[in-house]
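Listed below, chain by chain, are the residues.
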Amino acid sequence: MNISEIGEFGFIERFAKRFGDLVSTDTTGIGDDCAIMPLDANHDQVVTTDLLVEEIHFIKTAITPFQLGYKALAVNLSDIAAMGAQPTGSFLSLAIPKDTEVEYLDAFMEGYYQLSKKHGVALMGGDTTRSADRLVINVCVIGKIPKGGSKLRSMARPGDVIAVTGYLGDSTAGLQMLLEKHKPDPLSQPLIDWHNQPEPAINEGLWLARQRGVHAMMDISDGIASDLKHILKSSHVSGTIELSSLPLSEALRITSAKFGWNALDLAASGGEDYHLLVTVAKNEWDRIEKEFQREFRKPLYPIGYTGSGSSEIRWRIHEKEVKLEKGEFKHF
Ligand code: ADP
Ligand code: MG
């Protein structure tokens, strides 16, 4: 059997259980955005790692080395944000093709440094080696959180409001512009910028984790159609998403119309936006929504609600049910 038949998650499921008995009872291993383990009497430590491979995750000619260094750390910090933790240190491992310019690597490290500096994350180690032809980047980040304070994917309850912290679909629209080689204008340039240099929602994660009414939290790396399923599955709840509520940027709406893309398909199935996806107790929603707006000067966008029932997503547009097939909505 080929791995493409079962996919990334099918593969992880095949071995995760076998290793389960090696994980001690006071730690959380495979299955969330980070692993969690006790640090001291009052804190837990969280750890995450992510890999970026040239030609799979990035094309060297479409991203500057500064942006690539920034993004390599950003996608890892995003998983730290998803737990509601404060990042403290990182490890960076590189496999570098031997014809690589040192100036390219200097710019890469400068991007990595600028984001490290922004969040006070120390570079604490890593590994450097040669690669046959492609640049491979692995980052590991550790973080710290008050004991038991992590918001897990398994914490959603029936009747929660489902919400996101930012626009959906921008990153994938930026990628599509690069792949289809469209010349960006001032309106669409931010889509490409967000794809190449996303900003991890560290401060939003820290704030949301302190709210008792916030139940489950994760970051949006694969798109809500895929990511929300992880919350529903591990929390044993169902989800209903109202598509007319998905937050779409003006740049996405106008650019999609220009190139004949369906903005809702991109917003639901497109990945790499790196905003946070949360579920919030219904009776706490009004307060949390208001205070989030006051704190961050942007809305916490409600997009649906959870219910009891099987872990499926029901998609609606103006209350009418629609189906998502191969990344596209049918029947409207
Ligand atoms: P994220 O997108 O938040 O980085 P993933 O969807 O990549 O998370 O991974 C899901 C879970 O599976 C995570 O807990 C991750 O640590 C774990 N995982 C992924 N690949 C492996 C692997 N090769 N070995 C062990 N755990 C893995
Ligand atoms: Mg994640």
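As the structure is a prediction and not an experimental result, all values here were calculated from the model.

**Student:** Before we go on, may I ask you to explain the coordination of the magnesium ion (ligand 2) in this structure?
**Tutor:** Think of it this way: four donors in a tetrahedron around the metal ideally sit 109.5 degrees apart, and six in an octahedron ideally sit 90 or 180 degrees apart. Protein coordination of the magnesium ion (ligand 2) is provided by Asp33 (OD), Asp79 (OD) and Asp219 (OD), with donor distances spanning 2.0 Å. Each donor residue of the magnesium ion (ligand 2) belongs to the same chain, with the gaps between them written as D-x45-D-x139-D. Within this pair, whereas Asp33 is found in the loop between helix H1 (3-19) and strand S1 (35-38), its partner Asp79 is found in helix H2 (residues 65-83), the two being separated by 46 residues in sequence.

**Student:** Explanation requested: unusual backbone geometry in the structure shown.
**Tutor:** Note: most residues except glycine have negative phi, and most peptide bonds are trans. Although it is not a glycine, Glu272 sits at a positive phi angle of roughly 65°. Positionally, Glu272 belongs in the loop between helix H9 (263-269) and strand S9 (276-280). Positive phi, close to 45°, is recorded for His318, a residue that is not glycine. Relative to the helices and strands, His318 is located in the loop between strand S11 (313-317) and strand S12 (320-325).

**Student:** Just checking my understanding: could you explain the sheet that holds strand S8 (residues 238-242) for this structure?
**Tutor:** Pairing in this open sheet of 8 strands is mixed, and the strands run S7-S9-S6-S10-S8-S11-S12-S13 from one edge to the other. The sheet terminates laterally at strand S7 (214-219) and strand S13 (328-330), the two strands that pair on one side only. Along the sheet, successive strands turn relative to each other by an average axial angle of 30°, direction set aside.

**Student:** Help me understand the sheet that holds strand S5 (residues 136-146) in this model?
**Tutor:** The strands that make up a sheet pair up through hydrogen bonds in the backbone, lying either parallel or antiparallel. In spatial order, the strands read S1-S2-S5-S3-S4; together these 5 strands make up an open sheet with mixed pairing. With one partner strand each, in any of the chains shown, S1 and strand S4 (122-131) form the two edges of the open sheet. Adjacent strand axes in the sheet meet at a mean angle of 15°, parallel and antiparallel pairs treated alike. Of the strands in this sheet, S1, strand S2 (43-53), strand S3 (86-97) and S5 touch H2, which is tilted by about 30° from S5. Where helix H3 (residues 102-119) meets the sheet, its contacts fall on S3, S4 and S5, and the angle it forms with S3 comes to roughly 170°.

**Student:** Looking at this structure, how should I read the pairing of S3?
**Tutor:** Side chains on a regular strand alternate between the two faces of the sheet. Of the pairings in the sheet, the one linking S3 to S5 comprises 9 bridges and is antiparallel in character. Bridged to Ala95 within S5 is Val136. Sheet topology places S3 next to S4; 9 bridges connect them, and they run parallel. If you follow Ala95 over to S4, its bridge partner there is Thr129. Handedness of the crossover is the feature at issue here: the chain leaves S3, passes through H3, returns alongside S4, and the resulting connection is right-handed.

**Student:** It is not clear to me how a nonpolar patch on the surface should be interpreted in this structure. Could you clarify?
**Tutor:** Residues Met1, Ile3, Ile6 and Phe11 make up a contiguous nonpolar surface patch of about 420 Å² in total accessible area. Of note, Ile6 is situated in helix H1. Overall, Ile6 belongs to the partly exposed group, its relative accessible area being 31%.

**Student:** Got a minute to help me understand H2 in this structure?
**Tutor:** Side chains of residues three or four places apart in an α-helix project in the same direction, reflecting 3.6 residues per turn. Given a rise of 1.5 Å per residue, 19 residues ought to cover 27 Å, and the 28 Å separating the end C-alpha atoms of H2 matches this to within 8%. Counting buried residues in H2 gives 18 out of 19 residues, a clear majority hidden from the surface. Two residues or fewer after H2 comes Gly84, characterised by a positive phi angle close to 85°.

Scoring rules and cut-offs
Along each chain, the written sequence defines residue order, and numbers are assigned to residues from 1. Key to labels: chains lettered from A, ligands numbered from 1, both in the order written. Reporting in this predicted model follows two pLDDT cut-offs: at least 70 for local features of residues, and 80 or more for side-chain atom pairs to be given and counted; totals over whole chains, interfaces and linings ignore these cut-offs and use all residues. Excluded from the side-chain calculation are hydrogens and water; included are all heavy atoms of the structure. Listed donor atoms are N, O and S within 2.8 Å of the metal (Na, K and Ca: 3.2 Å). As water is not included, a site may look incomplete. Each helix is a run of H or I in the DSSP string that is no shorter than four residues. Each strand is a run of E no shorter than two, and both are numbered from the N terminus. We call two strands paired when DSSP finds no fewer than two bridges between them. Note on method: axes are straight lines fitted to C-alpha atoms, helices fitted across the in-contact stretch only, with angles between N-to-C directions ranging 0 to 180 degrees. We call two residues in contact whenever any of their non-hydrogen atoms come within 4.5 Å of each other. Assignment of crossover handedness uses the view with strands pointing away from the viewer, where a clockwise path from the first strand over the helix to the second indicates a right-handed crossover. Patch membership requires over 30% relative accessible area and the absence of a salt bridge. Like charges are linked within 9 Å, and nonpolar side chains (Val, Leu, Ile, Met, Phe, Trp, Tyr) within 5 Å. Here the Shrake-Rupley method, with its probe set to 1.4 Å, supplies the accessible areas, and only the displayed protein chains count as covering residues. The working definition used for a salt bridge is a side-chain nitrogen of Lys or Arg within 4 Å of a carboxyl oxygen of Asp or Glu. Under the scheme applied here, a residue whose accessible area is under 20% of the maximum for its type counts as buried, over 50% as exposed, and between as partly exposed, the area being computed with a 1.4 Å probe on protein chains only. One fewer than the residue count of a helix, multiplied by 1.5 Å, yields its expected span.

Any link to function would need more than the numbers given here.
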